[in-house]
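Each chain is listed here by its residues.
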Amino acid sequence: MAVHKPRREPSPDNGSTSTLILNFPDSRTMQFMLLFSRQGKLRLQKWYVPLSDKEKKKITRELVQTVLARKPKMCSFLEWRDLKIVYKRYASLYFCCAIEDQDNELITLEIIHRYVELLDKYFGSVCELDIIFNFEKAYFILDEFLLGGEVQETSKKNVLKAIEQADLLQEFQNQERASSAEDASGHHQHSAPTCSGSEAESCCITTALGEVPAEEGRDTLPIKGSV
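In this text the structure is predicted, and so the values were computed from the model without any measurement.

## Structural notes on the nonpolar core
- Residues Met 33, Phe 95, Tyr 115, Leu 119, Leu 146 and Leu 221 are the most contacted members of the largest nonpolar core, which totals 33 residues.
- Mapped by element, the contributors of at least two residues to this core are β3 (32–37), β6 (83–90), β7 (93–100), α2 (105–123), α4 (135–145) and α5 (156–185).
- In terms of residue count, α2 provides more of this core than any other element does, nine residues in total.
- Ranked by size, the runner-up nonpolar core spans 16 residues in total, among them Trp 47, Leu 78, Leu 83 and Cys 96.

## Describing the packing of aromatic side chains
- Scanning the entire structure with this criterion turns up five aromatic pairs.
- Look at Phe 36 and Tyr 94: their rings are 5.5 Å apart centre to centre, the planes differ by 15°, and that puts the pair in the stacked class. Here Phe 36, found in strand β3, pairs with Tyr 94, found in strand β7; they are 58 residues apart in sequence, far enough to count as distant. We note that Phe 36, like Tyr 94, is buried.
- The rings of Tyr 90, Phe 95 and Tyr 115 are connected pair by pair, giving a single aromatic cluster.

## Quick look at the sheet that holds β6
- One open sheet accounts for five strands, arranged β4-β3-β7-β6-β5; its pairing is antiparallel. Looking at the sheet topology across the chains shown, the edges are occupied by β4 (42–47) and β5 (77–80). Strand-to-strand, the axes of this sheet are offset by a mean angle of 20°, without reference to chain direction.
- By the bridge criterion, eight bridges tie β6 to β7 in an arrangement that is antiparallel. Each residue of the ladder has a partner; that of Ile 85, found in β7, is Ala 98.
- Contacting β3, β4, β5, β6 and β7, α2 crosses the sheet at an angle of about 35° to β6.
- Sitting on the sheet, α4 touches β3 and β4, and the angle it makes with β4 is about 30°.

## Structural notes on unusual backbone geometry
- Positive phi outside glycine occurs at Arg 81, with the angle close to 55°.
- In this fold, Arg 81 is placed in the loop between β5 and β6.
- The exposure class assigned to Arg 81 is partly exposed, which follows from its relative accessible area of 47%.

## Side note on the packing of α2 against α4
- Relative orientation of the contacting elements α2 and α4 amounts to 130°, with a least axis distance of 10 Å. Looking at the two axes, α2 sits oblique to α4. For the pair α2 and α4, the crossing hand works out as right-handed. Here α2 contributes Ile 111, Arg 114, Tyr 115, Leu 118, Leu 119, Tyr 122 and Phe 123 to the contact with α4, which in turn contributes Lys 137, Ala 138, Tyr 139, Ile 141, Leu 142 and Phe 145.
- Class assignment of the residues belonging to the contact of α2 with α4 gives a composition of 11 nonpolar, no polar and two charged.

Parameters and conventions
- Residues numbered from 1 in each chain as written.
- Predicted model: local features only at pLDDT ≥ 70, side-chain atom pairs only at ≥ 80, totals over all residues.
- Heavy atoms only, no water.
- Core = buried A, V, L, I, M, F, W, Y, C linked by side-chain atoms within 4.5 Å.
- Buried < 20%, exposed > 50% of the residue type's maximum accessible area, 1.4 Å probe, protein only.
- Helix = DSSP H or I, 4+ residues; strand = E, 2+ residues; numbered from the N terminus.
- Phe/Tyr/Trp six-rings, centres within 6.5 Å; stacked < 30°, edge-to-face > 60°.
- Pairing = 2+ DSSP bridges.
- Axes fitted to C-alpha atoms, helices over the stretch in contact; angles between N-to-C directions.
- Contact = heavy atoms within 4.5 Å.
- Parallel < 35°, antiparallel > 145°, perpendicular 65-115°, else oblique.
- Left-handed = near helix turned anticlockwise from the far one by under 90°.
- Nonpolar A, V, L, I, M, F, W, Y, C, P; charged D, E, K, R; others polar.

Everything listed is a geometric property; what it means functionally is a separate question.
Here you go:
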C-alpha cells in the first residue's frame, strides 16, 4: 500500500522550505467531519457521503460517546466500522474526521490543524463561541478549504481572500436591502420591544447562547504546537 506523505516545496523568496504541499490518494479522503464540545454538543457537521438523517444522528451519537470516553493521552486514531477515525481536541472543541482505511491519518491531522488555523486567522483567537454565533462563516471557510472531502485550496491566504470577498458582497447586499426597506416604509416607524438598562446584555446573551454554560466556549483554541 502506497503511503502518501506531505512534502514541502522551496519558497520562491529565499529557498527555505515554508510551503506545505499535501498529496492525497485517488479515493475520497474524508467521509465526514464533526465538531463537538466536551459536553457532547454538536457545533458543526459536514457530510461528504449520502446518508439518511437517522443514520447521521446514529453515527454522531456513537462517535461523540466513543471519543469523549477516551483518555487525553490515548492515540488520536481509532478503527470504527470499516473506517478510521481521526480526532484532535482544541480547548473545549473536538474536531473529528472519518477517513477510508487506506487513507493517511497524519494527512488528516494536518487538514484539521489547517482548518483551525483558518478559523483562528479569520476570527482572531477563535473560541467555541465564535463558531456558535457565526456557524455560517465556519461552514463557508470549510467549503472554501475542502470540496467533496478533498483539499481544494492549501493556501490560507487564498481561502481568507475568498472569505473577505464574500463578506464584502454580503455587506453590500445587506445595505441594499436596508435601503430598500427604508424607502418602502417611508416616514412610518415601528418600534420593537427591546431590553433596557442593565438587563440588555444579560437578556440578549441568554437568548443567544441557549444551552451554552456561561463559562463554556470562551477558551481560545490553541494553535501553536498542537500537531
